[in-house]
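Inside the fold
Listed below are the residues making up each chain.
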Amino acid sequence: MQILLTGGAGYIGSHTIIELDKAGYDVVVVDNLVNSCEISIQRVSEIIGKPIPFVKADVRDTAAMDAVFKKFKIDACIHFAGLKAVGESVAKPLEYYENNMNATFVLVDTMRRNGVKNIIFSSSATVYGNPAIIPITEECPKGECTNPYGKTKSMLEEVLSDVQKADPEWNVVLLRYFNPIGAHQSGRIGENPNGIPNNLMPYITQTAVGIRKELGVFGNDYDTPDGTGVRDYIHVCDLAAGHVAALKAIERKCGLAIYNLGTGHGYSVLDVVNAFQKVNNVKVPYSIKPRRAGDIATCYCNPAKAKAELGWEAKYGIEEMCRDSWNWQKNNPEGYK
Ligand code: NAD
Ligand code: UFG
């Protein structure tokens, strides 16, 4: 089977290529490189020991997408392509709505016209808003998203669900990722944020390597065991393996299915900082700062549904996540540059 990965040059996509290859799938990557570079594809190619068909194109470009579907015999798509910076989406709502919504509309329409009706969509725990149930199950009602990025994920879940309802031949898997961190064990690929990182782990690794002076811990007065925010961090390689499990479900004709992909463990900001320092024997200077607007106290999932129905569960713990994040950063202090 040949799988089209939109946004496959990015952080999660690049790791997913490796898992797909291990499981015997062929891939094609389409990416406009707006938040990535072709070096990631070259390095994945070195890791798997074979060339990776790559098309530099914007998913919103109907003609380019049609050409991809004519050239390759695509069986299913994993739709990673999208803009993902929460803060930037508040400052640039039009750009986020336009890119994330239109890329999905063009992709799904192109799939339909070419008779391909299998899609896995990168959704996010952000659709739960401030979650009504902890640990979060898939039955937890969706909540209010405080930013345009999260709203695109929530709306696109609805769009794809309606497409599947209108034509039950579609198989649509919505994967709600929790907080991916870590990197491939080779240290050759990893997360490569542009500019000052928004997310916790790249900020920690850049502080440890000396690019940033200190980590700001955003609030220590939440209703959590140590007052700092609690999240469900998941190793990106585990997350990548979740996509293979979802493809198997598609091969079994799953119709519409929604899964949380997380470990089910909640770690606070200080838990992560302490684990990182201990496992890697490096210092991460930090100071407590005010809360960040829009943050919630606690977010972790119950991943039982993915285990029961997909036979998937996360294998790696917080130590391995911290070790592999550091291995990537120290070997590539400036990312792919
Ligand atoms: P990423 O930015 O590293 O990868 C996304 C890729 O999509 C990039 O390579 C970018 O160049 C490409 N892209 C964006 N718009 C495009 C377009 N119009 N046409 C072609 N390519 C385009 O992000 P990631 O962390 O790998 O995330 C992958 C997906 O998972 C995204 O949809 C993201 O919103 C979602 N997600 C990520 C997280 C996270 O914390 N990393 C959490 C939940 C969900
Ligand atoms: N944090 C800090 N300092 C930092 C960065 C983060 O203390 O410099 C704290 C945050 O306040 C939060 C925790 O670390 O308590 C995690 O923050 P991240 O920014 O790494 O992750 P979020 O949970 O806020 O959001 C991420 C993605 C979203 C996605 C969500 C759920 O950025 O896109 O996970 O998947 F929707």
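Structure shown above.
A brief structural summary. (Residues numbered from 1 in each chain as written. Chains lettered and ligands numbered in written order. Predicted model: local features only at pLDDT ≥ 70, side-chain atom pairs only at ≥ 80, totals over all residues. Heavy atoms only, no water.)

**Structural notes on the site of ligand 1**
- Asp31, Asn35, Ser36, Phe80 and Tyr149 are the nearest of the 27 residues found near ligand 1.
- Backbone polar atom of Gly10 to an oxygen atom of ligand 1: 3.4 Å apart, as the coordinates give it.
- Within the side chain of Asn99, an N or O atom sits 2.9 Å from a nitrogen atom of ligand 1.
- In isolation ligand 1 exposes 830 Å². Once the protein is present, 95% of that is buried. (Near = heavy atom within 4 Å. Polar contact = N/O pair within 3.5 Å; in protein donor to acceptor, adjacent residues only side chain to side chain. Areas by Shrake-Rupley, 256 points an atom, 1.4 Å probe, with all protein chains shown as cover.)

**Let's talk about the site of ligand 2**
- Around ligand 2 lies a shell of 22 residues, among which Ser124, Gly216, Arg231, Arg292 and Asp295 are the nearest.
- Residue Asn179 places a side-chain N or O atom 3.0 Å away from an oxygen atom belonging to ligand 2.
- Within the contact set of ligand 2, a nitrogen atom lies 2.7 Å away from a backbone nitrogen or oxygen of Gly216.
- Compared with its free state, where it exposes 700 Å², ligand 2 has 89% of that area covered by protein.
- Contributions of two or more residues to the shell around ligand 2 are made by helix H7 (200-208) and strand E8 (215-218).
- Per element, the largest residue contribution to the shell around ligand 2 is four residues, and it comes from E8.
- Residue classes in the shell around ligand 2 are distributed as twelve nonpolar, seven polar and three charged. (Helix = DSSP H or I, 4+ residues; strand = E, 2+ residues; numbered from the N terminus. Nonpolar A, V, L, I, M, F, W, Y, C, P; charged D, E, K, R; others polar.)

**Let's talk about the pattern of salt bridges**
- Applying the stated rule across the entire model yields 22 salt bridges.
- A salt bridge links Lys22 to Glu19; the nearest nitrogen and oxygen atoms lie 3.0 Å apart. You can see Lys22 and its partner Glu19 sitting in helix H1 (residues 11-22), three residues apart, about one turn around the helix.
- For Lys22, a relative accessible area of 62% puts it in the exposed group.
- The salt bridge partner of Glu46 is Arg188, with a shortest N-O separation of 3.2 Å. (Salt bridge = Lys/Arg side-chain N within 4 Å of Asp/Glu carboxyl O. Buried < 20%, exposed > 50% of the residue type's maximum accessible area, 1.4 Å probe, protein only.)

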